[in-house]
Amino acid sequence: MEMMNPEKWVFNLLLPFLFIRFCTSIDTLTPTQFIKDGDVLVSSGETFALGFFSPGISSRRYVGIWYYKISEQTVVWVANRDRPINGTSGVLSLNQDGNLVIYDNTRNSTVWHTNVSAVSYSARLLDSGNLVLCQGDSGSGGVVWQSFDHPTNTLLPNMKHGLDRRTGLEWFLTSWKSRDDPGTGEYSFRVEPNEFPQSIGFKGTTPLWRIPLLLKPSRNDEAKTTASSILNATYVNNRDQVYGFYTPINASTLLTMFLDEFGSLKVLTWVGEWVEFYSVPGDQCAGYGRCGAYGYCDSNNRQDFECTCLPGYEPSSAEKWYLRDASGGCIKERKALSMCGNGEGFVKVENAIIPDTSKARLLMSLSMNECKDECLRNCSCLAYANVAEEGESANCITWYENLMDVRKFVRRFPEGGRDLYVRVDAVELAQRRGIKQKKVVVVVTSVVLTSPLFIILVCWLVMKKRRRGNQLNFISNYGYMAPEYAIDGLFSTKSDIFSFGVIVLEIMSGKMNRKFHHPDHDLNLLGHAWNLWIDGKAFELIDPVMEGSFPMSKVLRCIQIGLLCVQKCPEDRPTMSSVVLMLVSDILALPQPKQPGFYIERSSKEKHERSVAQSSPSINEVTMTHLEAR
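Cut-offs applied
Residues numbered from 1 in each chain as written. Predicted model: local features only at pLDDT ≥ 70, side-chain atom pairs only at ≥ 80, totals over all residues. Heavy atoms only, no water. UniProt positions renumbered as here; feature names shortened; annotations may be inferred. Helix = DSSP H or I, 4+ residues; strand = E, 2+ residues; numbered from the N terminus. Buried < 20%, exposed > 50% of the residue type's maximum accessible area, 1.4 Å probe, protein only. Areas by Shrake-Rupley, 256 points an atom, 1.4 Å probe, with all protein chains shown as cover. Axes fitted to C-alpha atoms, helices over the stretch in contact; angles between N-to-C directions. Parallel < 35°, antiparallel > 145°, perpendicular 65-115°, else oblique. Contact = heavy atoms within 4.5 Å. Nonpolar A, V, L, I, M, F, W, Y, C, P; charged D, E, K, R; others polar. Core = buried A, V, L, I, M, F, W, Y, C linked by side-chain atoms within 4.5 Å. Disulfide = S-S within 2.5 Å. 1 Å grid on protein atoms, 1.4 Å probe; cavity = no way out; pocket = protein on both sides within 12 Å on 5 of 7 lines; lining within 4 Å. Points joined across faces, edges and corners; volume = space filled by probe spheres on them. Salt bridge = Lys/Arg side-chain N within 4 Å of Asp/Glu carboxyl O. Pairing = 2+ DSSP bridges. Phe/Tyr/Trp six-rings, centres within 6.5 Å; stacked < 30°, edge-to-face > 60°. Polar contact = N/O pair within 3.5 Å; in protein donor to acceptor, adjacent residues only side chain to side chain.

Per an unreviewed UniProt entry, the chain is named non-specific serine/threonine protein kinase, and its organism is Rhododendron simsii. A UniProt comment under Subcellular location (unreviewed entry) is attached to the chain, and it reads "Membrane".

Listed below in C-alpha cells is the structure:
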C-alpha cells in the first residue's frame, strides 16, 4: 500500500472544514464583500434570505428579509422602508466604520445605515431572521446591533415586544402604508409600561384595541385557547425591562405575527399557504371601549346588544343605547347615594377581561381579602382584581378612574379571564346579595312589567267568547265595519289582535284611543304612536308614570308589539301565539311594523320626507337591548 504524502494528507483532513466554511459563508457579509441588487444573503438553515426586493406592483427597491424556501414571498423586515431606491443601482455593504450602509450609486448618496460606535467585523443573517452586526474576529466581540431591535411590521418568534427601561429602546410594530408600500404606516402595536403592562393597538395616538399582559388563563379555564394551541407566550416585567415574546409549541411549525395595513394584528401559519390562525380585533367587543366607561361587552351575546352596564351602573342615554350606540358609556344608578362608609361593597363580574390598566395600581403579595380591604378603605377605589400565578404570591390590582374596556373573556390568546370586583352602593349590594335573592328581584320586576299584558290576554279570551254581541254593538254604534273584520259573521282572529294592540298602546301611553274606529276621524293614538315610531321618538309616547320604573328596552318592545298588532293589513299582524312569545322572550327578534289601520296620513311634503327616511335601513329591525331590571 502506497504511503500518502503528508501534505496531501493534511489537505484531505482540512477539506471538509474548508467546504463547510465555504457553504456557510453565504450567511455572512464581511468588510471586503458587498451585496448588489440581485444578490442575496441566505441564513445557514436556508430559512431566511436578505436582499433587494420590490413589494407588490411597486418598482421601487428596498433591502429586506423574507422567508427563503416558501413560494409566496413574505417580507418580515425592511431596512430603508421610508427611503426606497429607484432602479437597481443599490448596494449593501459594511463601511470603514463597521456600519451597514445602503448606497444608491445613481444618486451617489446613502439612503440607510446603522449607527454603532464600535467597529464591527461582520454582518450575519441568522436562521431566526435576525440580522446581526458582530464585533471582533469571527464575531467574538459579541453583537453590537441587530434587526430584532428595530422591527417593522412583523414580530417573529423570540423577538421582543416592549421596552428596555434602562436605555429607552422600544420594540414595537408599525404597519406598512399599503401592500405595495412598506413605508411607516399610521398603525402601531406597542406595550404601555405602567404598573400593570398592557399591549395596545393604535391609530396615530388613538387606542383601537388592547391586550392585557401578564394574565395567563387561570387553572380552571378551559384548556387551549385559539392561538395558545400553537404557540407559547412569555412575559417579562422587572426594573430593567418589560416585554413579551412568543415561540411555536412545535419547532417545525412556521409562524409569523404581523400588523397589517388596516391596523389588525394577525397570527399566520404556513401549510402550503399562509392561513390566518388568530387576529385582533376578532369580534365586536375587541374594539377599545366598545361599550364606553363602566360598560361591559359580551361578544357571546349573539341575539341582544353586546353592551350592558357594570353592576350599579345604567346607560347614560337610554335612547342611544336603544339604537345600539354605547359610546356614551354608563353612569352610576343612584348618584346621590354615597359609596364611602355607607354600607357599600363589591359585586363580582366573573371571567372578565380586566379594565384598562393605564392608571391602575399594582400591590404585591396581597391575599384576596387583603386586596378587598385595601380597595374598600379607599373611597376612590372603584374595583379590584386578584391575580396569582401558580407557585407565586398573589398580586392585587385596583382601579381609581373610569372602568374602561371591560369585556367577557372568550378564551382568545393571550388574554386571560379574571373575576373583577366592582364597587357598588348599599342598595345594589342588597339587591344582588345571594343568587336566590337576585333571581327573586329579577322575576318580581319582570312580573310587575308583564302582568298588565297578561291581564289583557285574559280579557281577550273573555272577549273572544262574546264576539257576536261585540260585532252587533260595533255595527249599531258606528254603522261601519270593514270587510276584513267580517268572517263567517264573527270577528276574525286578526281583528282581535288589532284590539289587543290598541289596548297595549293605551297602557304604554296612558291615553285612550276613542277615535280609532272610523277612517274619517283625525291624527288618533295609533297615528300618533306610528309617527313617533318612524321618527325614532317612540320613547315620547311613554306614560310619564312608567318612566324610570322599568327598563327602557322592555317598554319600547311593548310599544313595538302593539304597533305590530294594529298594522293595516290583517295578514301582516302576528297571531296571538306569536304575541305571547314576543312578550315572554327578550331575545326574540321583532320585525319592523308597518302603517297601522285607521291612520290619517300626513301632508304630501311629510309623506315625501317619510318615504325618503324609510328607504334607508331601519335600526328597529334589530333585536332589542336587554337591560337587567333593578
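From this point, the narrative continues.
Some thoughts on the overall build of the chain
What the chain contains, in helices and strands, is eleven helices and 35 strands. By residue count, 48% of the 630 residues in the chain fall in the buried class. For the chain, the accessible area works out to roughly 31,500 Å², and carbon and sulfur atoms hold 54% of it.

A word on the packing of helix H9 (residues 552-565) against helix H10 (residues 576-584)
When two helices pack together, their arrangement is captured by the angle between the axes and the distance separating the axes. Remark: H9 packs on H10, axes separated minimally by 10 Å, with the N-to-C direction vectors making an angle of 170°. By the angle class used here, H9 and H10 are roughly antiparallel. From H9, Arg557, Ile561, Leu564 and Cys565 reach across to H10, where they touch Val579, Met582 and Leu583. Here the residues of the contact of H9 with H10 sort into six nonpolar, no polar and one charged.

A word on the nonpolar core
Of all hydrophobic cores here, the largest spans 49 residues; its most connected members are Leu50, Leu100 and Ile102. Discounting chain neighbours no more than four positions away, the residues touching Leu50 are Ile35, Asp39, Val40, Leu41, Val63, Gly64, Ile65, Trp66, Leu92, Leu125 and Leu131. Core analysis: the second largest hydrophobic core is formed by 33 residues, Ile497, Ile561, Met582 and Phe598 among them.

Quick word on the state of the cysteines
Evaluation of the coordinates by the stated rule reveals six disulfides. Two residues, Cys309 and Cys330, share a disulfide whose sulfurs are 2.1 Å apart. Taking the torsion about the S-S bond as the criterion, the Cys309 to Cys330 disulfide, at about -85°, is left-handed. Remark: Cys330 occurs in strand E29 (residues 330-332) and Cys309 occurs in strand E27 (residues 307-309); sequence separation between them is 21 residues. Considered together, Cys309 and Cys330 belong to a single accessibility category, that of buried residues. Disulfide partner of Cys375: Cys381, at an S-S distance of 1.9 Å. The sign of the -100° torsion about the S-S bond sets the Cys375-Cys381 disulfide as left-handed. Residues Cys375 and Cys381 agree in their burial class; the two are buried.

With respect to the layout of surface pockets
What the second largest pocket holds in volume is close to 600 Å³. Every residue lining the second largest pocket is counted, 22 residues in all, and those nearest its centre are Glu72, Gln73, Thr74, Arg179 and Phe258. Looking at the lining of the second largest pocket, the elements with two or more residues in it are strand E17 (173-178), strand E23 (255-259) and strand E24 (265-270).

Details of the pattern of salt bridges
For the coordinates displayed, the defined rule picks out 22 salt bridges. Of the charged contacts in the structure, one is a salt bridge between Arg166 and Asp164, with a shortest N-O distance of 3.1 Å. You can call Arg166 exposed: its relative accessible area is 56%. Residue Asp164 is classed as buried on the basis of its relative accessible area of 6%. Its salt-bridge partner being Glu350, residue Lys348 comes within 3.6 Å of it at the nearest N-O pair. One salt-bridge network, in which partners are shared between bridges, spans Lys332, Glu333, Arg334, Asp425, Glu428 and Arg432.

So, the sheet that holds strand E22 (residues 241-248)
Within a beta sheet, neighbouring strands are joined by backbone hydrogen bonds and run either parallel or antiparallel to one another. Strand order in the open sheet made by the four strands is E16-E15-E22-E21, with antiparallel pairing throughout. Each edge of the open sheet is held by one strand with a lone partner, namely strand E16 (170-171) and strand E21 (231-237). Relative to E16, strand E15 (residues 161-164) runs antiparallel, the two being bridged by two bridges. Residue pairing in the sheet places Gly162 in a bridge with Trp171 of E16.

A closer look at the pairing of strand E5 (residues 60-67)
Of all eight residues in E5, seven are buried, a share of seventy percent or more. Looking at chain direction, strand E4 (residues 48-53) and E5 are connected through six bridges and run antiparallel. Residue Ala49 lies in a different strand from E5, and its bridge partner there is Trp66. The hairpin formed by E4 and E5 contains six residues between the paired strands, and Gly56 there has a positive phi angle of roughly 55°. Here E5 runs beside strand E7 (residues 85-86); their pairing, made up of two bridges, is antiparallel. Within E7, the position partnered with Arg60 by the bridge is Asn86. Alignment of E5 against strand E6 (residues 75-78), held across three bridges, turns out to be antiparallel.

Quick notes on the packing of aromatic side chains
Under the definition given, this model contains 15 aromatic pairs. Judged by centre distance (5.2 Å) and plane angle (35°), the ring pair of Phe189 and Trp209 falls under tilted. Of the two residues, Phe189 is situated in strand E18 (residues 181-192) and Trp209 in strand E20 (residues 206-212); the sequence distance between them amounts to 20 residues. Summarising the burial analysis for this pair, Phe189 and Trp209 share the class buried. Here a set of aromatic residues connected by ring pairs shows up, and it is made of Phe48, Tyr67, Trp270 and Trp274.

Observations regarding the environment of Val63
Within the secondary structure layout, Val63 lies in strand E5. With 16 residues separating them in the primary sequence, Val63 and Ala79 have C-alpha atoms 5.6 Å apart. Not counting residues within four places of it along the chain, the set of residues in contact with Val63 comprises Leu50, Gly51, Phe52, Phe53, Trp77, Val78, Ala79, Asn80, Leu92 and Ile102.

Things to note about helix H8 (residues 525-534)
By the criterion of burial, H8 is predominantly enclosed, with nine of the ten residues buried. Leu525, Leu526, Gly527, Ala529, Trp530, Asn531, Leu532, Trp533 and Ile534 are the residues of H8 that are buried. Backbone nitrogen of Leu526 and a side-chain oxygen of the N-cap are separated by 3.2 Å at the start of H8; the cap is Asn524. Looking one or two residues past H8, Gly536 carries a phi angle of roughly 75°, positive in sign.

What about the pairing of strand E35 (residues 418-424)?
A large share of E35 lies buried, amounting to six of its seven residues. Across six bridges, the pairing between strand E30 (residues 345-353) and E35 is antiparallel. Within E35, the residue paired with Phe346 across the bridge is Arg423. Summarising the sheet, strand E32 (residues 383-387) and E35 pair through two bridges and their orientation is antiparallel. By the bridge assignment, Ala383 is partnered in E35 with Val422.

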